[in-house]
Amino acid sequence: MPGKLELTEEQIAEISGGTTHESVELMLALASRGYGTFLKINDDRDDILDIEGMKECLAAKGYKFIPAFGEQELNMFIGPDGLPYGNDYIVHLLKTGQL
């Protein structure tokens with residue numbers, strides 16, 4: 001089925017960049033809309049999230065993605081209007097087909 005993505009618990013546990021929950025939520029929202037899986041092995045960061053690919057994808061939609069690292073920081077996005085937005089807003093736009 002196109003757009004369907006299945007990860008093992010081990011793969012989900014290895015994802016980082018922003019809070020783990022935010023990164024997984026954004027990656028799954030992008031995948032469910034057919035933008036790609038955004039998974040790759042990053043030995044230098046010790047994770048499997050394709051942050052660079054997500055940045056490029058969102059830039060094409062007019063949003064600058066500023067990922068945060070560490071469990072206490074949040075991902076941020078600068079919209080076409082120059083205003084900052086949170087991860088939850090971008091996921092909402094993706095889920096409702098507005099991005």
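Data block above holds the structure.
A quick note: this is a predicted structure, and the numbers were derived from the prediction, not measured.

J.: Which parts of the structure should I look at to understand helix α4 (residues 87-95)?
T.: Owing to its 3.6 residues per turn, the α-helix brings residues three or four apart onto one side. Every buried residue belonging to α4 is among N87, I90, V91, L93 and L94, and all of these are buried. Around the axis of α4, the buried residues are gathered within 160° of arc, so they sit on the same side. Relative to its buried face, α4 has exposed residues pointing more than 90 degrees away, namely D88 and K95. Where α4 terminates, the next one or two residues include G97, which has phi positive at roughly 70°.

J.: In this structure, what is going on with the sheet that holds strand β4 (residues 76-78)? I would like to understand it.
T.: Backbone hydrogen bonds hold the strands of a sheet together, and the pairing may be parallel or antiparallel. With antiparallel pairing, 3 strands are arranged side by side in an open sheet as β3-β4-β5. At either margin of the open sheet sits one strand with a lone partner, and together these are β3 (64-66) and β5 (84-86). For this sheet, the mean angle separating the axes of adjacent strands, direction not counted, is 30°. Two elements, β4 and β5, share 3 bridges in a ladder whose sense is antiparallel. Of the residues in β5, the one forming a bridge with I78 is P84. Against the sheet, α4 contacts β4 and β5, and its axis sits at roughly 75° relative to β5.

What counts and what doesn't
Residues numbered from 1 in each chain as written. Predicted model: local features only at pLDDT ≥ 70, side-chain atom pairs only at ≥ 80, totals over all residues. Heavy atoms only, no water. Buried < 20%, exposed > 50% of the residue type's maximum accessible area, 1.4 Å probe, protein only. Helix = DSSP H or I, 4+ residues; strand = E, 2+ residues; numbered from the N terminus. Arc of directions from axis to C-beta. Pairing = 2+ DSSP bridges. Axes fitted to C-alpha atoms, helices over the stretch in contact; angles between N-to-C directions. Contact = heavy atoms within 4.5 Å.

Treat this as a map of the structure, not an account of what it does.
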